[in-house]
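Below, each chain spelled out in residue letters.
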Amino acid sequence: MQRSDRFSLATRIIVLGFIANTVLMISKLLVGYYAHSDAVFADGLESACDFFALSSSMVALRFGKEPLDEQHPYGHGRAESIAALFIGLLIVITGLMIVVSGANHVLAPPAERPLPIALVITAMTIIAKWYLYRTTEHASKRLDSPAVRAVADDHKKDALTSLATFGGVLGALLGWSVLDPLAAAITGVLIVIMGGRTIKDAVHDLLDGSVDRAHIDVIAL
């Protein structure tokens, strides 16, 4: 695949995620607030984090396709790894904030139950995010792009954390109000773990780390 085609495809994939995350972010923040669901609102905050993370990825991809110059004889491809590192750090920070907020509400559960619309928006998020994850993961393997791979991990994380959100909202609707903020806290922990993995991969690329043994064995065949 030519360099220009590679960045064109990567940009289209990231723009798709950017648009989807923007719609989901606004929907979850509004529904979480007005439907009295800490878990859905936490999911919305996480989508807000994605909004800025994907913006940085698009900037990195645009910068990364610049040709070689005297100051950068090896090109600008490292911009993608730097963006992936930034995304990972942003994910971890957001996750920690959600854990603290969720834990506080677990100790003092809210009196109001979430409204059913909170369950609907969560189900929609799970479906949309899993589709985005599969599409972006396929593209990341084809392009071998750290930035696109980080975005794919982010979509996967969203789908998994939304499952916890769904369980928490459902439990709260059935009368166990503590489950909604508990789901928010669990969501935060999963976000921190996923962000840590993204940081690890980005640092590995920036330090020119060797490929794993499985890849070496395939090449040797």
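Just so it is clear, the structure is predicted and the values come from calculations on it, not from any experiment.

Asks: What exactly am I supposed to notice about helix α5 (residues 146-173) here?
Replies: Each α-helix turn comprises 3.6 residues. Residues three or four places apart therefore point the same way. If you check α5, its first and last C-alpha atoms are 40 Å apart, about what 28 residues at 1.5 Å a residue would give, namely 40 Å. Directly after α5, the chain includes G175, whose backbone phi takes a positive value near 120°.

Asks: Please explain empty space enclosed by the protein as it appears in this structure.
Replies: Rolled over the atoms, a probe sized like a water molecule indicates the empty space that remains. If you walk through the whole model with that rule in mind, you get one cavity of 30 Å³ or more. By volume, the largest cavity amounts to about 50 Å³. Lining the largest cavity are A84, P146, R149, A150, D153, T198, D201, A202 and D205. Going through the elements one at a time, α5 and α6 (179-206) are the ones with two or more residues in the lining of the largest cavity. Partitioning the lining of the largest cavity into residue classes produces four nonpolar, one polar and four charged.

Asks: How should the confidence of the model for the protein chain be read in this particular structure?
Replies: On average, residues of the protein chain carry a pLDDT of 77, and 75% of them reach 70 or more. Per-residue pLDDT stays below 50 along residues 72-76; that stretch engages in eight contacts with residues further than four places along the chain or on separate chains. Below pLDDT 50 for its whole length, residues 211-221 participates in one contact with residues either more than four positions away or in separate chains.

Asks: Just to check I follow, could you spell out a nonpolar patch on the surface for this structure?
Replies: Judged by side-chain polarity, I26, L30, Y33, Y34, F41 and L45 come together as a nonpolar surface patch covering roughly 630 Å² of accessible area. Within the residue set of the nonpolar patch, elements represented by two or more residues are α1 (3-34) and α2 (38-64). Broken down by element, the residue count for the nonpolar patch peaks at four residues, all from α1. Positionally, I26 belongs in helix α1. Classification of I26 by relative accessible area gives partly exposed; the value is 45%.

So, how was this worked out
- Residues numbered from 1 in each chain as written.
- Predicted model: local features only at pLDDT ≥ 70, side-chain atom pairs only at ≥ 80, totals over all residues.
- Heavy atoms only, no water.
- Helix = DSSP H or I, 4+ residues; strand = E, 2+ residues; numbered from the N terminus.
- Expected span 1.5 Å × (residues − 1).
- 1 Å grid on protein atoms, 1.4 Å probe; cavity = no way out; pocket = protein on both sides within 12 Å on 5 of 7 lines; lining within 4 Å.
- Points joined across faces, edges and corners; volume = space filled by probe spheres on them.
- Nonpolar A, V, L, I, M, F, W, Y, C, P; charged D, E, K, R; others polar.
- pLDDT = per-residue confidence, 0-100.
- Contact = heavy atoms within 4.5 Å.
- Patch = residues over 30% accessible without salt bridge, like charges linked within 9 Å, V, L, I, M, F, W, Y side chains within 5 Å.
- Areas by Shrake-Rupley, 256 points an atom, 1.4 Å probe, with all protein chains shown as cover.
- Salt bridge = Lys/Arg side-chain N within 4 Å of Asp/Glu carboxyl O.
- Buried < 20%, exposed > 50% of the residue type's maximum accessible area, 1.4 Å probe, protein only.

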